[in-house]
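# Structural features, examined
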There are 2 protein chains.
Amino acid sequence: MSERTTVVIQGVESAGEVPGLEALAGEASFRCANSLGALRNALPGAEVLLGWKFAADDIRHAFECADRLRWTQWGGAGVDAALFPALVESDVVLTNVRGVFDQAMAEYTLGMILAFAKDFRRTRALQRERTWSHRLTEKVAGTRALVVGAGSIGRAIARTLRTVGIEIEVVGRNARGGDPDFGRVHGSEDLDRLLGSADWVVLITPLTAGTRGMFDAARFAAMKPTARFFNLGRGALVDEPAMIEALENRAIAGAGLDVFTEEPLAAASPLWEMENVIVSPHMSGDFRGHKPAMAEVFIENFRRYRAGERLVNVVDKRLGFVPG
Amino acid sequence: MSERTTVVIQGVESAGEVPGLEALAGEASFRCANSLGALRNALPGAEVLLGWKFAADDIRHAFECADRLRWTQWGGAGVDAALFPALVESDVVLTNVRGVFDQAMAEYTLGMILAFAKDFRRTRALQRERTWSHRLTEKVAGTRALVVGAGSIGRAIARTLRTVGIEIEVVGRNARGGDPDFGRVHGSEDLDRLLGSADWVVLITPLTAGTRGMFDAARFAAMKPTARFFNLGRGALVDEPAMIEALENRAIAGAGLDVFTEEPLAAASPLWEMENVIVSPHMSGDFRGHKPAMAEVFIENFRRYRAGERLVNVVDKRLGFVPG
C-alpha cells in the first residue's frame, strides 16, 4: 500500500491532540472532526475512523456519510456508546483499546476497598475538625471479593485483589474451568448464590442488552449487609434507584461508584451526600499517560491495517465486547 | 511447675479485658493494675508482667516494686515506650507482639499510597460540593518505594507494595545480601542516595537513640519534590518542624502520618489543615481482632515460660528491638 490512508479523527481539532500520530505522517492523511457537522463532511471517502472523544454520539448520527469506511478504532474499553444498529449490520470492523485501563482500574478498585477498610473518609472528616479519634480498622486479607466481569479489566482487578490476600471469585458470561488465573470462572447462573458470601462486589462487565440493569433490588438484597458494592463498568448495569434504596436501608454497607446512569451525576442525586458512598467522576482508568497508551493501540492497529494483517482488539459487534 | 504463676496485667481493671486468658486459669493467678498506685501494689512477688496499655509510663515508675519479676510481655511492636534504664540493666526478659500488626499496617500503607495516587481526598472534597470534576490519576505500578526499616512490619509493607508492581528498596540498620525477600537490604549509609529516587518513602524503623530524629531537614531536602512521605513508626523518628516546612515549601509533595511527636496531635498543629497530609490517629495496626492476636502471643509465651522453653519475640534491650 503506497497511497496514504485517509483517517478521520473524531473529537479533536488537530491530529496533534493524539500523541504519536506524527509517526504515521507518511502513511496516513488525517481529517479532524470535532463536531457532528465536521464529521459528516470528513467521513466521505475515508477508510479509517478513530473515535477519540468518549462521550459523543456523533459517530452514530454521521454514519450514513461513511461511504468507504472499513475500520473504526474506538478510544475506550467499553463499546456500548460506540455501537449502533447500522454499525453492527455493516462490514466495518470495530476495535477498542482493551488492556490500556486494566492496571489503573485494578489499582483504583483496591484503593477504594482499602479506603473503606481503613475508614479513610472518616479520618479525613475528623482531620478537618482537628479531632484525634482512634478507631479499629478492617483487615482485607482473608475477606472475599466477587468480581462480576471476566474481561481484561475484571481479570486485572481480581489478580490485584488476590495479591493482597483477598479471596476471589469471578463471574463471567459462561461458566468454564481451566482458567489460567482463577481455575474456575463462574457463569451468571451462579451470581445470586455467590453474592451472599462476598464482602466486596465489583461490577466490571460490558454493558449489553443482556447486562443492562443486572444489579437490581433482588441482587442488592442478596448481598451481605456488611458488603460494599463497586461499579467501574457502566451506570446502566445498575438499577440506580434500587441501589440508592439499598444504601439508605443499609441492605448493603457502602458503595464506590465511578460510573452512573447519567453522567455527570445530577446535582440532585442523593448519592453525593451519602457518607458511605464514594462518588468518583468516571476516572478510574484515566491515569497520566492513558492517551499515549490509547494512541499506541491505534498506531499498532494502523500498521497492521496497512500491512493487511489481523487487527488486535476486534469487538464482536453482536456480543458487544472483545471475546475471551 | 504446678504452682500458679502470678501475672500482673497493667492497664486493665479485670483479666477479662484480655481475650482468652481464661484458658490460663489453672496456671496463672492474675493481678490487674489500672493505675500507677495499683501497679506498685501488684508487682511485689509477681514473676510476669503483661503490659496491655500502650500509652503509659507507669511500668517505669513502678519498676522498683518488681522484686521477683522475670519476664515482661509488652502489648506493642515498638518497645521504645516500654524501655528504661533499670529494665535494660535488669535480668527481666522483655518480649513484644512482633508480627501481629504486619498485615494490617502493610494494607494501611498501600491504602494511603493509593489515596494519594488516585486523588481520593480531592474526590471526597468535590463530592461534598456535588461537583463532577474529572482528573487524571497516577498509576502506582512502576513507581518506586523506599521502605526504611527491615523488621517484620517493614518487610510486610515492602512485600505488599511489590505485589502491586511498585519497585522496592529496603533500608535496614546494616547492609546485607541474600535476603529471601529482597535480595539486598541496604544499610543506613545508602539512605541519602536512595531517597533521591523514591516516589514513596515509608518510615517504619524502631525508635532508638540511633534513629531519633533521623528524618531531618536534610533528609527531606534529599527527597524528590513529587515524593510522598509516610510515617508509621514513631513520631520522634522525624524532626516534625522540618517536615512541616518541607510540606509547606513543597520540598515534598505530601505525607501520610499515623504517628506524631506528641500524641494526640496538638490541635494547634498546622498538619491538620494541610490538604496534602493525612493525619491518622496512630491506628494503622489496630485491626478488629488485634487484641485477641496480641493476647495469643502472650498465651503462647506464657505456655513456653511455664514449660521452661525459649520465649518468642525476645527484645534485645540494648538494640531496642527483636533482632533478625
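The structure presented is a predicted model; accordingly, all values stated were derived computationally and were not measured. Here the residue numbering is sequential within each chain, running from 1 through the sequence in written order. A letter from A marks each chain and a number from 1 marks each ligand, given out in the order of writing. Reporting of local features is limited, given that this is a predicted model, to residues whose pLDDT is at least 70; pairs of side-chain atoms are given and counted only at 80 or more, and all residues count toward the totals for whole chains, interfaces and linings. Only hydrogens and water are removed before side-chain values are computed, so all heavy atoms of the structure are retained for them.

Residue and element names in this part refer to chain B. Relative to the elements of secondary structure, Thr 72 occurs in strand 4 (residues 71-74). Sequence separation between Thr 72 and Ala 25 is 47 residues; the distance between their C-alpha atoms is 19 Å. Ignoring sequence-local partners within four residues, the contact set of Thr 72 consists of Leu 49, Val 92, Val 93, Leu 94 and Thr 95. Helix numbers and strand numbers start at the N terminus; a helix is a DSSP run of H or I with at least 4 residues, a strand a run of E with at least 2. Residues are treated as being in contact if the distance between any of their heavy atoms lies within 4.5 Å.

Fitting of the copies onto one another was done by least squares over C-alpha atoms, counting residues only where both copies have pLDDT of at least 70. Each copy superposes on the other: chain A lies on chain B with an RMSD of 0.0 Å after a rotation of 180° and an axial shift of 0.0 Å. In short, the pair behaves as if placed about a two-fold rotation axis. A high fraction, 100%, of the interface residues of chain A reappear at the interface in chain B, so the copies pair face to face through one surface.

Residue and element names in this part refer to chain A. By the secondary structure assignment, Thr 6 is in strand 1 (residues 5-10). According to the relative accessible area criterion, Thr 6 is buried, its value standing at 15%. Those residues within four positions of Thr 6 in sequence are excluded, and the remaining contacts are Ser 29, Arg 31, Gly 45, Ala 46, Glu 47 and Val 48. Buried means the residue's accessible area, taken with a 1.4 Å probe over protein chains only, is under 20% of the maximum for its type, while exposed means over 50%, and partly exposed covers the values in between.

What follows deals with the pattern of salt bridges. All names here are of chain B. The term salt bridge refers to a pairing of a side-chain nitrogen on Lys or Arg with a carboxyl oxygen on Asp or Glu at a separation within 4 Å. Enumeration according to the criterion identifies 46 salt bridges over all chains in this entry. The shortest N-O distance in the salt bridge between Glu 64 and Arg 40 comes to 2.7 Å. Of this pair, Glu 64 sits in the loop between helix 2 (58-62) and strand 4 while Arg 40 sits in helix 1 (residues 36-42), placing them 24 residues apart in sequence. Close ionic contact of Asp 80 with Arg 234 constitutes a salt bridge, the shortest N to O distance being 2.8 Å. Remark: Arg 234 occurs in the loop between strand 11 (228-231) and helix 9 (240-248) and Asp 80 occurs in the loop between strand 4 and helix 3 (85-89); sequence separation between them is 154 residues. Taking relative accessible area as the criterion, Asp 80 reaches 22% and is therefore assigned partly exposed.

Bringing the interface of chain A and chain B into the picture now. Taken together, the contacts link 54 residues of chain A with 54 residues of chain B. For Glu273(A), the salt bridge goes to Arg130(B), with nearest N and O atoms at 3.3 Å. Whenever a nitrogen or oxygen atom comes within 3.5 Å of another N or O atom, the pair is scored as a polar contact, on the condition that within protein one atom can donate a hydrogen and the other can accept it, and that pairs from neighbouring residues in sequence are kept only if both atoms are in side chains. Here chain A is connected to chain B by 29 residue pairs in polar contact (both at pLDDT 80 or more). Contributions of two or more residues to the side of chain A that touches chain B are made by helix 4 (102-117), helix 5 (120-128), helix 6 (152-163) and strand 13 (277-279) of chain A. Element by element, the count of residues in the side of chain A that touches chain B is highest for helix 4 of chain A, at eight residues. Of the residues belonging to the side of chain A that touches chain B, the class tally is 26 nonpolar, 14 polar and 14 charged. Ten residue types, Ala, Val, Leu, Ile, Met, Phe, Trp, Tyr, Cys and Pro, are classed as nonpolar, four, Asp, Glu, Lys and Arg, as charged, and the remainder, Gly among them, as polar.

For the rest of this paragraph, the subject is the sheet that holds strand 12 (residues 254-257) of chain B. All names here are of chain B. At least two DSSP bridges between two strands are needed for those strands to be called paired. Spatially, six strands are ordered 7-6-10-11-12-13 in an open sheet, and the strand pairing comes out parallel. Both outer strands of the open sheet, strand 7 (167-171) and strand 13 (277-279), are each paired with one neighbouring strand and no more. For this sheet the average axis-to-axis angle between neighbouring strands, irrespective of direction, equals 15°. Sheet topology places strand 10 (residues 200-203) next to strand 11; four bridges connect them, and they run parallel. Residue Trp 200 lies in a different strand from strand 11, and its bridge partner there is Arg 228. All axes are obtained by fitting lines to C-alpha atoms, using only the stretch in contact for helices, and the reported angles, taken between N-to-C directions, cover 0 to 180 degrees.

Residue and element names in this part refer to chain B. A rise of 1.5 Å per residue sets the reference length of helix 4 (residues 102-117), with its 16 residues, at 22 Å; its end C-alpha atoms lie 23 Å apart and thus fit the reference within 8%. Of all the 16 residues making up helix 4, 15 are buried; the element is thus mostly covered by neighbouring parts of the structure. Where helix 4 terminates, the next one or two residues include Asp 119, which has phi positive at roughly 60°. By this rule, a helix spans an expected 1.5 Å times one less than how many residues it contains.

Residue and element names in this part refer to chain A. Across the two faces of strand 3 (residues 48-51) the burial is the same, with Val 48 and Leu 50 and Leu 49 and Gly 51 all buried. Strand direction decides the pairing type here: strand 1 and strand 3, joined by four bridges, are parallel. Bridge pairing in strand 3 places Val 7 opposite Val 48. Looking at chain direction, strand 3 and strand 4 (residues 71-74) are connected through four bridges and run parallel. Its bridge partner being in strand 4, Gly 51 is matched across the sheet by Trp 74.

What follows deals with the packing of helix 4 of chain B against helix 6 (residues 152-163) of chain B. Residue and element names in this part refer to chain B. Two numbers describe how helix 4 lies on helix 6: the axes approach to 8 Å, and their chain directions differ by 45°. When the axis of helix 4 is compared with that of helix 6, the two are oblique. Crossing hand, helix 4 versus helix 6: right-handed. Of the residues in helix 6, those touching helix 4 at Asp 102, Met 105, Ala 106, Thr 109, Leu 110 and Ile 113 are Ser 152, Ile 153, Ala 156, Ile 157, Thr 160 and Leu 161. Classifying every residue of the contact of helix 4 with helix 6 gives eight nonpolar, three polar and one charged. Any angle that falls under 35 degrees is termed roughly parallel, while one over 145 is termed roughly antiparallel, one within 65 to 115 roughly perpendicular, and all others oblique. Two helices cross in a left-handed way if the nearer one is turned anticlockwise from the farther one by less than a right angle. They cross in a right-handed way if the turn is clockwise.

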